[in-house]
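Per-entry structural report
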Amino acid sequence: MVRTRQARSAVTNMKWTLGPAALAAVLLTSEAWALPVAPGAFCDAYPDAPTCLAGLPACTFCHAGTPPTRNRFGEALEAKILPAMTRPLDVNDFLGALPTALEEIEDDDSDGDGYSNLDEILSGTHPGDDLSRPDEIECAGKTGINDQFDVCNWDARYAFKKVSLDFCGRSPTWEEMQAFDAEADPRAAVHAKLTACLDSPFWIGQDGQLWELAHKKIRPIQAIKAGEDGGIIPLADYYDDYRLFVYAQTDDHDARDVLTADFFAVARTDSDGNTTHYARATGADRTGRQDIVTERRAGMMTTRWNLVLNVMFTALPRTAAAQAYRSFLGMDIAKLQGLDPVEGEPVDYDDKGVQADACSVCHSTLDPASYPFKNYQGLTGSVGTYDPNRIEDDFRNEGVNITAMPEQGYVLGQPVSNLTEWANVAANSDAFAAASVLEYWRLLLGHDPLASEQEEFNALWNTLKGRHSYQIEKMLHDLIDTEAYGVP
Amino acid sequence: MFRKTLLIATCTLLFACPSSEPSEDGGPTRDGGPGSIEDPNRDGGTTVTTPSFLASEKGSVRFKKAKRIEADFATALGLSEVCTELGQYSCSDFIHRITLGGVEAYVQGLNEPLPFTSVTTPLAVERMALFACRERVSADFGNPSSGRIFLNLPLANGALADVEAEEVAASIQRLYQRALLRVPTPDEVEHHRQLYRDIEADGQPNAARDWAVLSCHAVLTSMESLFY
C-alpha cells in the first residue's frame, strides 16, 4: 500500500475555506480587497487537483497569515503575473495572465521542501508551506515484526478496540477480545460493535459525544437557561437545541433536520433513565417554550435559544447568519471563509459603515445572508417569534434605510426569499454534507483530512448526500471502513 | 518513602519498554525500517540480532481523555468508583475534567476540549491510577481468595514469601489482561518481579502491598493504557 502523508494537516479543498478576496488581493494590491476570481481560475488550470475536487482553494494557498501577506508560493506567482503592469490589475488582465504564470512556476519548489509546485498541487499539499509535503510511504516491501497490529492494512482487531473506545467510551474487556478473536467475520463484528455503541449513553446520552459535538453550535450559558437546570435569568431552554441536534444525527433520521426541521425532539429513556433514542416531540411531550409558528421554523436556527443568543437586540442579525455558516456549513466568514460576494452589497441598511473597503470584503456576503433573519425576534418585541413588522416596530432609528431592508437574501451565492428557503439551500449544499462529515472525522481521527485521506473523505460526504440519504449512522459505518480509520 | 518506591517502579517499567526514539509530538515511538537491528542485550559478548519492529507509519494515537480513562480503569480493576478528591468530588467528572481533555460548556463556556494535554495532565492521570490501584489492592488483600487481580499471593508478614511463585505471575497476567487486553511478555513479568525485589530491599513494612499498588499503577499509566 502506498500512502501519502503530510507533515501538517491541511484542509485545502473545500469551498467553504475559500478566501477569494484574499487570493485576489495577493495578485492585486491591498486596496483591491474583493476580486473573487482567482480560486476559480486556479481550478480551471488544475481541475484534477485535490484542492479543486470539492470546491476551491483556501486563502492559505497563497497567503501567510492575514491577507495580503503572501506565502512563498504566492510571492512567486505574483512576480510572474504581468510584472511590468501597474497594480491593481484589471480583472480580465489578471485572468488572462494567471494560467501562464502558474505554468511558469510549476517546476519551481517555492517552499523549498524538495517537491515541485506542480507535484504539490497535484497531490493536494501546500506549495507555499514547507511542512506540507507529499511524502511517499511504501508499506509493501518493508520487513519486520509487529505482533500487535497489521500496520499496513485495515486491522479488524485494531478497529474493534477503536470503535469500542470511540463510540462506547471504553475498551473491550479481555473476554470480549477473546470472543472477537474467534469471530469468523471480524469486519462484520466490528460493524456490529458500532451498531451497538451508537445507542450507548456515551454516544447519545446527555453530555455524551453527540451532545458535546453540539456545544459550539449552541454555545450554552447556564445562567440564562430556562426550564430544567435553569439559571437565574431564564430566557430560553437550550436542551431543545441539543435534542434536535442529536435526533438528526441518530437512527435513520435526516441530518438536514438541524437546518430544516419544523418540529422539536425529545429523548426517550429506559426504566433506568438512560436515553435509548430520540423522537419527534408530540403534543404530549414537554419541550421548552418555542413560539415560532411551524411554517417559519428552520431547525436549530429558529429555536428560542438561538434567537435569544444570536439575534438579541439587533435589527440586522449578522451574528445569527455568521453562526449558522460556522455551525452548519463549516465556514467562518470572519476568517474569510465562504465569501461569495453579492453584487451591489452591502447596502448598509442599518448605517453601520460596512461599505468601507475593509468591511465590504466580508459584508458583501454576510449582509445578504443575514436579511432572511430580519423578522425573527431575539430579545426585542415578543421574544423568539416571527414578526413581519419587527423592523418597522422596533428598529426605526437604526438608519434612514432600515425599513427598506428586504427579507430576501443570499446563501452560498444563491438567492433565497426567506429563512426557510435559506435553510433548504444550505442543507442541500455540498458544503453542508462535507462540514457534517468533517465534524465526525475530526472527532474520530483527531485531525483534518490529510492529502492521502482526501479521496476517502470526499467519498464519505458524497455518499452521505447520495446513497445514505443524509443518515449519519450509515456514514459512520463507512467511515470506520476507511484506511484513515482502520489502518494503525 | 512511598514516593521513592513510586520512582523505582516508574524507572523499572520504563526500562522494560523497547528501545525507541521519541516521536515529534511525544507520542508513541517509531523504530525500525528494513532489515534487522542489534539487540542491546548481549549474550556472552555476542551480539544477538532480532528482526526489526515494524512500526506504524501513521503513528497516529489519541489520548483517551477523562471519560474513557475512568471507564477503562473501572473495568480493568472492577471498581464502581475510580477516584474522588477529598472523598467526595469526582476526579474525572469534576476536579480534573478539563485537564483530562473534557469540556465544561454550560458555566465555563469551554465548548471544545483543549487542543493539547496540559502540564498537569500526567499528574491527574497518576492520581486517578494511584487512587484506583489502592482501592483494588485493599480489596484484594482484604479477601485474598476472591480478589480480582492479586489472588492468593504467598504473603508472610506483609512480604511476598516467594516472588517466583506462580500466583505472582498469575496476578501480573490478570493485570495485563484486564488493563492492556494482552498477556505480559516474560520480560515484563520479570520486571515486575524485580520491582518487588527493589521494594523489599528498601525495607518497606508492607512490601507486597506496595508492590501490588505500584505494579498496577505502572501498567495503568503506561502509554499503551492511556492512548489508543
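So, here's what we can say about the structure. (Residues numbered from 1 in each chain as written. Chains lettered and ligands numbered in written order. Predicted model: local features only at pLDDT ≥ 70, side-chain atom pairs only at ≥ 80, totals over all residues.)

Our focus in this paragraph is the overall build of chain A. When its secondary structure is counted, chain A shows 23 helices and 6 strands. Relative to its full complement of 488 residues, chain A shows a buried share of 50%. A sequence separation of at least 24 residues applies to 62% of the contacts in chain A between residues at least 6 apart. (Helix = DSSP H or I, 4+ residues; strand = E, 2+ residues; numbered from the N terminus. Buried ≥ 20, exposed ≤ 12 C-beta atoms within 10 Å, placed from the backbone. Contact = placed C-beta atoms within 7 Å.)

This next bit is on the nonpolar core. Core analysis: the biggest nonpolar cluster contains 104 residues, and A:Leu244, A:Ala426 and A:Val437 have the highest contact counts within it. If one sorts the elements of this core by residue count, helix H20 (residues 430-445) of chain A sits on top with 9 residues. Contact partners of A:Leu244, with chain neighbours within four places excluded, come to A:Val258, A:Ala261, A:Phe264, A:Ala265, A:Gly299 and A:Met300. By size, the runner-up hydrophobic cluster in this structure holds 41 residues, among which are B:Phe63, B:Cys83, B:Ala179 and B:Leu226. (Core = buried A, V, L, I, M, F, W, Y, C linked by C-beta atoms within 7 Å.)

All names here are of chain B. Tracing the sequence through the fold places Asn143 in the loop between helix H4 (121-142) and strand E5 (155-156). C-beta crowding within 10 Å serves as the criterion here: with 11 such atoms nearby, Asn143 is assigned to the exposed category. Note: C-alpha distance between Asn143 and Ser118 (25 residues apart in sequence) is 39 Å.

Attention now moves to the interface of chain A and chain B. Across the boundary between the two partners, chain A contributes 30 residues, which contact 28 residues of chain B. Elements represented by at least two residues in the side of chain A that touches chain B include exactly helix H7 (156-168), helix H8 (174-181) and helix H12 (215-218) of chain A. The greatest single-element share of the side of chain A that touches chain B, amounting to 3 residues, is contributed by H7(A). Among the residues making up the side of chain A that touches chain B, the classes are represented as 13 nonpolar, 9 polar and 8 charged. (Nonpolar A, V, L, I, M, F, W, Y, C, P; charged D, E, K, R; others polar.)

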